[in-house]
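Observations on the three-dimensional arrangement
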Amino acid sequence: MMHLFVSRRGDDGFTLVETLAALLVFALMTMGLVPLLISSLQGADLSRSVTINKNAAVEAMERVRGLPYYVSFGAQNNKVDVLDLYFPKLAVEQAGWGQLYGAYKYTTDCSNATLANPACPRNIPDGTTLRFEAFFVDGSGALVDDDFPAAYTWDSTTGTDVPPSQMLDMTITAMWTQRGRARSFKLQSLIGDRRFSGIKVRGDANVEFGVQVLTSYSNDAGELSELLALGGKADSSIESRGISSADISVRAADVRLSNTATELAGFGGAAASYHAPPDITPGATNATGGTVTHTEVFDPVSPSELMQVAGVDNTSAGTLHARVANEQPSSAGTFSYSPGLGALDFWVRTQVDPSNNDLRKLDVTQPAFSIRGKAFRGTATGVTRALEAADRGVETSATLSLIGPTGTGLRILPTSFIAAQDSTFGGALIQISNFVAETTCEATDDPTSASATATWSADLRYWVADLDPTDEIVQPGYQVLNLTGGPGGDPLEVVMIENPLVYDGNTPAEDVYLFEDFDDPDNPKNGYLVHWSSLRNVAGTEDPTGRLTRAQIAGALIIDTARTNPAIKESGLNVQIGQLGCEAVDER
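Residues numbered from 1 in each chain as written. Predicted model: local features only at pLDDT ≥ 70, side-chain atom pairs only at ≥ 80, totals over all residues. Heavy atoms only, no water.

**What to know about the state of the cysteines**
Test applied: Two cysteine sulfurs form a disulfide in these notes if their separation is within 2.5 Å. Secondary structure elements follow DSSP: runs of H or I of four or more residues count as helices, runs of E of two or more count as strands, with numbering from the N terminus. Each residue gets one of three labels from its accessible area relative to the maximum for its type: buried under 20%, exposed over 50%, partly exposed in between, using a 1.4 Å probe on protein chains only.
Applying the stated rule across the entire model yields two disulfides. The residue that forms a disulfide with Cys441 is Cys582, at a sulfur-sulfur distance of 2.1 Å. Across the disulfide from Cys441 to Cys582, rotation about the S-S bond amounts to roughly 75°, and the bridge is consequently right-handed. Of this pair, Cys441 sits in strand β21 (residues 428–443) while Cys582 sits in strand β29 (residues 574–586), and the two are 141 residues apart along the sequence. Taking the relative accessible area as the measure of exposure, Cys441 reaches 0% and is therefore buried. Given the relative accessible area of 6%, Cys582 is considered buried. Listing the disulfide partners of the protein chain by sequence rank of the bonded cysteines yields 1-2, 3-4.

Listed below in structure tokens is the structure:
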């Protein structure tokens, strides 16, 4: 008989040996994982501490970069800029503030224990020290081994704090201890004026024109052409943003004859333009004289000849420079006229109707407008005084002069009857001499030293038939007005209202007055002028901070003559003298 036996071992579980073997394998595996787990936890803790302190250093650097590099406020006894906070004039450590100067470097240590120091951020992590190390460098990054300048100070109450360089090397180090081991993270940056895209310095000085004369002519078909004769133009421009630039442009004359469709003729005097060649002073340029002839209008003196309508004698553009030296831009330029004494510097003729000229007795052999005799000069300058200068600032100026010996100057409407009685000024109805105009703008970091001024003065003579009608003695001659841009009303308006008699004819119909007036049909007045005015109350303007100043003279004298050809409304002269101005900005 056979018996079958079936094993039931799966129901009995693991043996003791098997269990011990499994525990041994688990222990061996755990012993390998635990150090890895511990290392991972330690790495996460280190990474967290590095991140926290790195962010603290980055935020500290952004805080420094966000501050103005240099600001000088008069009577501002506060730390307001990078140099105030991180390079103050302290030869020894300031107690409790963790700042120390040595070897041309300033070190500032910040922690939760030194938050009284405004140089220290408010959010320094516990156990962390932020060290700020600053030293001045030049444009190449080399150390500026210059001790404190005598005028350098952190507070601006004196307004004379002057750093030895416009660039600072800043290193910020975050230092802390992690599990007994010293750790650090370092950032380095060059700090300068952070407004690289903004204007730090700007200046402009311009003589828009020394003299501007406008008139018109008509041909046989009645077509009008216009003359623009501009005498003297200069523009000086300086600017600093990320880089500095300087420009000067000078033109001694610009004469243009045109109609609505085309440019008929033109002529220019000496001209020059320069753009910041470093430390180079260009030479002067000169231009010989020239004239403009109207190809369709005939000369009233010689009807068979075409009329020369305007001319310019020898001119020059000199004292020119445009440069940037040591990051400080400057530019200057001058135009001048240089004919002989008594010669015509600059002249314009009007179109005269010979049949009507007996009334006004104009001397058509002479131009209706002229400047005579080495009298004409204008200058525009701009200069930046460096930060190292005790009187740092930006200064621009524009000047204009019409000064010469007796008998020279600007003349308008020469007449034959005045010349017969007084030929000193060529018989001109109006003569202007000793004209001087100037605008000066100075911007600084101190409103008490900033300034903007505008001044002008001139002697104006006009002819009258009797200097004193009350003395019953007919004595013709020139009345003299000493004009200025000072306060008060315009004396030319008073003369215009009085409208003195210039030429006493045999009958009232033959009388000619200074101003034309036909408003009274019962007593119409023939005259030489229709209007004149002088600019009064000229002054500059200053921003309250002193960093922006402006001044302008928008036409010191304006004179409109009556038409010299009754059939041509525009045949008179519009004369404007002296339009110039300046602006200075210092935002360093």
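Once you've had a look at it, read on.
**Some remarks on the packing of aromatic side chains**
The cut-off we apply is this: Side-chain rings of Phe, Tyr and Trp (the six-membered ring for Trp) are treated as a pair once their centres are within 6.5 Å; stacked means planes under 30 degrees apart, edge-to-face means over 60, and tilted covers the remaining angles. Definition used: whenever NZ (Lys) or CZ (Arg) falls within 6 Å of the ring centre and also within 35 degrees of the ring normal, the charge is taken to sit over that ring.
Enumeration over the complete set of coordinates arrives at 15 aromatic pairs. Taking the centre distance of 6.0 Å and the plane angle of 70° together, the rings of Phe87 and Tyr101 count as edge-to-face. In this pair, Phe87 sits in the loop between α2 (82–86) and β1 (99–102) while Tyr101 sits in strand β1, placing the two residues 14 residues apart along the sequence. We note that Phe87, like Tyr101, is buried. Look at Tyr101 and Tyr106: their rings are 5.8 Å apart centre to centre, the planes differ by 35°, and that puts the pair in the tilted class. For the pair Tyr101 and Tyr106, one class covers both residues: buried. Counting every residue linked through ring pairs, the aromatic cluster contains Phe335, Tyr337, Phe346, Phe369 and Phe376. Stacked on the ring of Tyr513, the Lys or Arg Lys525 has its end atom at 5.3 Å from the ring centre.

**Examining unusual backbone geometry**
In this structure, Arg179 is a non-glycine residue whose phi angle is positive, near 55°. Its place among the elements puts Arg179 in the loop between β4 (168–178) and β5 (181–191). The exposure class assigned to Arg179 is exposed, which follows from its relative accessible area of 64%. Residue Asn499 is not a glycine yet carries a positive backbone phi of 45°. On the secondary structure map, Asn499 appears in the loop between α5 (491–498) and β24 (501–503).

**A closer look at the pairing of strand β17 (residues 369–372)**
Inclusion rule: Pairs of strands are assigned from DSSP output, requiring at least two bridges between the strands.
Side chains Phe369 and Ile371 project from β17 onto one buried face, and the interleaved Ser370 and Arg372 project onto a second face that is buried too. Pairing of strand β16 (residues 344–348) with β17, which is carried by four bridges, proceeds in the antiparallel orientation. Paired with Val348 across the two strands is Phe369, which belongs to β17.

**Details of the pattern of salt bridges**
Our working definition: By definition here, a salt bridge exists when the distance from a side-chain nitrogen of Lys or Arg to a carboxyl oxygen of Asp or Glu is within 4 Å.
According to the stated counting rule, one finds six salt bridges in the structure shown. A salt bridge links Lys105 to Glu133; the nearest nitrogen and oxygen atoms lie 4.0 Å apart. Taken together, the residues Lys105 in strand β2 (residues 105–110) and Glu133 in strand β3 (residues 129–136) connect sequence positions 28 residues apart. On the basis of relative accessible area, Lys105 is assigned to the partly exposed category, the value being 29%. Taking the shortest distance from any N to any O, the salt bridge between Arg131 and Asp109 comes out at 2.7 Å. With Arg131 in strand β3 and Asp109 in strand β2, this pair connects stretches of sequence that are 22 residues apart. Within the structure, one salt-bridge network assembled from shared partners comprises Arg202, Arg550 and Glu583.

**So, the sheet that holds β3**
Counted only if it meets this: The angle between two axes is taken between their N-to-C directions and runs from 0 to 180 degrees, where each axis is a line fitted to C-alpha atoms and a helix contributes only its stretch in contact.
Strand order in this open sheet of five strands is β1-β2-β3-β4-β5, and the pairing throughout is antiparallel. Unpaired on one side and paired on the other, β1 and β5 mark the two borders of the sheet. The average undirected angle you get between the axes of adjacent strands in this sheet is 15°. Pairing between β2 and β3: five bridges, direction antiparallel. Bridging from a neighbouring strand, Asp109 pairs with Arg131 of β3.

**Some thoughts on the confidence of the model for the protein chain**
Rules: Each residue carries a pLDDT score, the predictor's own confidence in it, on a scale running from 0 to 100. Any two residues whose heavy atoms approach within 4.5 Å at even a single point are treated as in contact.
Here the protein chain averages 83 in pLDDT, and 84% of its residues register 70 or above. Confidence drops under pLDDT 50 across residues 72–77; counting only partners more than four residues distant or on other chains, this segment forms 15 contacts. Confidence over residues 155–160 falls short of pLDDT 50; this stretch has 15 contacts with residues more than four positions distant or in other chains.

**Structural notes on the nonpolar core**
Operational definition: In this description, a nonpolar core means a group of buried Ala, Val, Leu, Ile, Met, Phe, Trp, Tyr and Cys residues linked to one another through side-chain atoms lying within 4.5 Å.
Ranked by internal contacts, the top residues of the largest apolar core, which has 91 residues, are Phe369, Leu429, Ile430, Phe435, Trp456, Leu529 and Trp532. The leading source of residues in this core is strand β22 (residues 451–464), at eight residues. Among residues more than four places away in sequence, those in contact with Leu529 are Leu413, Leu429, Ile430, Leu514, Phe515, Glu516, Ile559, Asp560, Thr561 and Ala562. Grouped together as the second largest cluster of nonpolar side chains are 29 residues, Ala57, Ala60, Leu85 and Leu130 included.

**Some words on the side chain of Ser316**
Heads up, the rule is: Polar contacts, as counted here, are pairs of nitrogen or oxygen atoms within 3.5 Å of one another; within protein the pair requires one atom able to donate a hydrogen and one able to accept it, and residues that are adjacent in sequence qualify only if both atoms are side-chain atoms.
Residue position: Ser316 is located in strand β14 (residues 315–325). Take Ser316: its relative accessible area is 13%, and that puts it in the buried class. A distance of 2.7 Å separates polar atoms of two side chains, one belonging to Ser316 and the other to Ser336.

**Here we look at the environment of Ala234**
Structurally, the position occupied by Ala234 is in strand β7 (residues 224–240). Judged by its relative accessible area of 1%, Ala234 falls in the buried class. Setting aside anything within four residues of it in sequence, one finds Ala234 in contact with Ala205, Asn206, Val207, Ser249, Val250, Phe335 and Ala380.

**Thoughts on the environment of Gly311**
Its location among the elements puts Gly311 in strand β13 (residues 306–312). Taking the C-alpha atoms as reference points, Gly311 and Leu344, 33 residues apart in sequence, are found 8.5 Å from one another. The contact partners of Gly311, leaving out residues within four places of it in the chain, are Gly290, Thr291, Asp345, Phe346 and Trp347.

**Things to note about the environment of Ala368**
Turning to its location among the elements, Ala368 is positioned in the loop between α3 (357–360) and β17. A residue is classified by how much of its surface remains accessible, and Ala368, at 8% relative accessible area, is buried. Separated by 59 residues in sequence, Ala368 and Val309 place their C-alpha atoms 9.9 Å apart. Beyond its immediate sequence surroundings of up to four residues, Ala368 is in contact with Val348, Arg349, Thr350, Arg411, Ile412, Leu413, Pro414 and Leu573.

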